Amino acid sequence: MPKKTYAVRYIAGRPVEHIFPPFASRQSGQEFPSGKALPSLRILRVMVWNIFKQQRANWLSALKEFSKEAKLVLLQEAQTTPELVRFATSHYLSTDQVPALIFPQHSSGVMTLSAVHPVYCCPLRKREPLLRLAKSALVTVYPIYNGQLLMVVNVHAVNFSLGIDVYSKQLDSIGEQIYNHGGPVIMAGDFNAWSRQRMLALYRFSERMGLDEVRFINDQRRRAFGRPLDFVFYRDMNVCEASVLVTEASDHNPLLVEFESASPSRAPLCGTEDRRYRYLRSQRMNAYIPILSKDIEGGMECKK
């Protein structure tokens, strides 16, 4: 019998809460509850890091240093050790983790730390066919200062599989979430895109979803077979600054991206993004709707 998928929420001073998909499922057109917005700064700093199950001695000092002023921290391979939970609950208002692997003492999986409580939380898991180990993803939604709702997708993609069938199915379950969301989106994490097939699947998926890729000038992301593993994609946002932070505290280097919420009513604070190109690209999404509907036949794990 397959294990249930759920998220574990850590908030300082409160009991640990388990969030199961049936309670987090979202029907088309359903409104999100109101909630406190992310700090009313027009620049949103986001950190993304595969933390390697905290196996390196200096992981905590690196996390403290790199996450300064970050309002969202997306971790992969995060083990719920007392040290990490203590850091998360003392520096962030809400922390959600999707257990993918259960170790004798602690679970490991994607973990999202946020400066405000999410108004929506959907945990996802996909089992690797060869090693039978699970990888997880987490979809959370947060109000932002301009009244919009930001969807954040924290991804650790399946690694060991023959072909890309399971890899694509994991993306499809994420795709239904993104496709049904009308606001800005940030999707980031360790995508294990180490083959040409996986790269093509990932880029085709981002195209269908209308997502752009964050580019890094001094690109020192972790690579396998010459291809980067960690990515940040976005929609309806402007990228102000993007960098890769070099460290020995993990086998992956953290990604740090500063976003500004896009608004047609004013000029962006940063960047020179071609709005016309983005508009044309979003229109092309319509051609992919029949394909997407076929790809995700059978629905997602969070659907009732």
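Residues numbered from 1 in each chain as written. Predicted model: local features only at pLDDT ≥ 70, side-chain atom pairs only at ≥ 80, totals over all residues. Heavy atoms only, no water.

Considering the state of the cysteines
Tallied over the full model, the rule gives zero disulfides. A disulfide-free cysteine, Cys 121 has its sulfur positioned 7.4 Å from the sulfur of Cys 122, the nearest such atom. A relative accessible area of 5% means that Cys 121 is categorised as buried. (Disulfide = S-S within 2.5 Å. Buried < 20%, exposed > 50% of the residue type's maximum accessible area, 1.4 Å probe, protein only.)

Examining the nonpolar core
By size, the foremost hydrophobic cluster in this structure holds 29 residues, and its most contacted members are Val 153, Tyr 167, Ile 174, Ile 178, Met 187, Phe 191 and Leu 202. Counting residues per element, the ones that place at least two in this core are strand E7 (120-127), strand E8 (134-143), strand E9 (149-156), helix H4 (165-179), strand E10 (185-190), helix H5 (196-208) and strand E14 (230-235). The leading source of residues in this core is H4, at five residues. For Met 187, the contacting residues outside a window of four places in its chain are Val 153, Val 155, Ile 174, Ile 178, Phe 205, Leu 211, Phe 231, Val 232 and Phe 233. Grouped together as the second largest cluster of nonpolar side chains are 22 residues, Leu 38, Ile 144, Ala 188 and Val 214 included. (Core = buried A, V, L, I, M, F, W, Y, C linked by side-chain atoms within 4.5 Å. Helix = DSSP H or I, 4+ residues; strand = E, 2+ residues; numbered from the N terminus. Contact = heavy atoms within 4.5 Å.)

Describing the packing of helix H2 (residues 59-66) against helix H3 (residues 82-91)
Contact pair H2 / H3: the axes reach a minimum separation of 11 Å and the direction vectors enclose 15°. Put simply, H2 runs roughly parallel to H3. Every pair of crossing elements has a handedness; the one defined by H2 and H3 is right-handed. For the pair formed by H2 and H3, the contact residues are Trp 59, Leu 60, Leu 63 and Lys 64 on the first element and Glu 83, Leu 84 and Phe 87 on the second. For the contact of H2 with H3, the residue count by class is five nonpolar, no polar and two charged. (Axes fitted to C-alpha atoms, helices over the stretch in contact; angles between N-to-C directions. Parallel < 35°, antiparallel > 145°, perpendicular 65-115°, else oblique. Left-handed = near helix turned anticlockwise from the far one by under 90°. Nonpolar A, V, L, I, M, F, W, Y, C, P; charged D, E, K, R; others polar.)

Digging into the packing of aromatic side chains
For the structure on display, the rule yields nine aromatic pairs. Where Phe 231 meets Phe 233, the ring centres are 5.8 Å apart and the plane angle is 15°; that geometry is what we call stacked. Overall, Phe 231 belongs to the buried group, its relative accessible area being 0%. Among the aromatic side chains, those forming a connected cluster through ring pairs are Phe 191, Tyr 203, Phe 231 and Phe 233. Over the ring of Phe 20 we find Lys 4; its NZ or CZ atom is 5.9 Å from the centre of that ring. Here Arg 221 stacks its cationic end above the ring of Phe 231, 5.0 Å away from the centre of that ring. (Phe/Tyr/Trp six-rings, centres within 6.5 Å; stacked < 30°, edge-to-face > 60°. Lys NZ or Arg CZ within 6 Å of the ring centre and 35° of its normal.)

Here's the deal with the sheet that holds strand E1 (residues 7-10)
Taken together, the eight strands give an open sheet; going across it, the order is E2-E1-E5-E6-E4-E3-E16-E15, and neighbouring strands pair in mixed fashion. Since the sheet does not close on itself, it has two edges, and those belong to strand E2 (17-19) and strand E15 (237-244), each with one partner. On average, each strand axis in the sheet is inclined to that of its neighbour by 20°, with strand direction left out of account. Relative to strand E3 (residues 43-50), H2 is tilted by about 160°, and along the sheet it contacts E3, strand E4 (72-79) and strand E16 (255-261). (Pairing = 2+ DSSP bridges.)

Remarks on the sheet that holds E14
Taken in spatial order, the six strands make up an open sheet running E7-E8-E9-E10-E14-E11, and their pairing is mixed. Whereas interior strands pair on both sides, the edge strands pair on one side only; in this sheet they are E7 and strand E11 (212-213). Seen against the sheet, H4 touches E7, E8, E9, E10 and E14 and runs at an angle of roughly 170° to E7. Seen against the sheet, H5 touches E10, E11 and E14 and runs at an angle of roughly 15° to E14.

A word on the pattern of salt bridges
Inspection of every chain in the model, using the stated rule, returns ten salt bridges. Among the salt bridges present, the one from Arg 9 reaches Asp 96, with a minimum N-O distance of 2.6 Å. Taken together, the residues Arg 9 in strand E1 and Asp 96 in strand E5 (residues 94-102) connect sequence positions 87 residues apart. Both residues of the pair, Arg 9 and Asp 96, belong to the buried class. Two residues, Arg 208 and Asp 172, come together in a salt bridge whose shortest N-O distance is 3.5 Å. In this pair, Arg 208 is assigned in helix H5 and Asp 172 in helix H4, connecting sequence segments 36 residues apart. As far as burial versus exposure is concerned, Arg 208 and Asp 172 are alike and both buried. One network of salt bridges, in which partners are shared, links Asp 219, Arg 221 and Arg 223. (Salt bridge = Lys/Arg side-chain N within 4 Å of Asp/Glu carboxyl O.)

Everything listed here is a matter of coordinates, which is why it stays silent on function.
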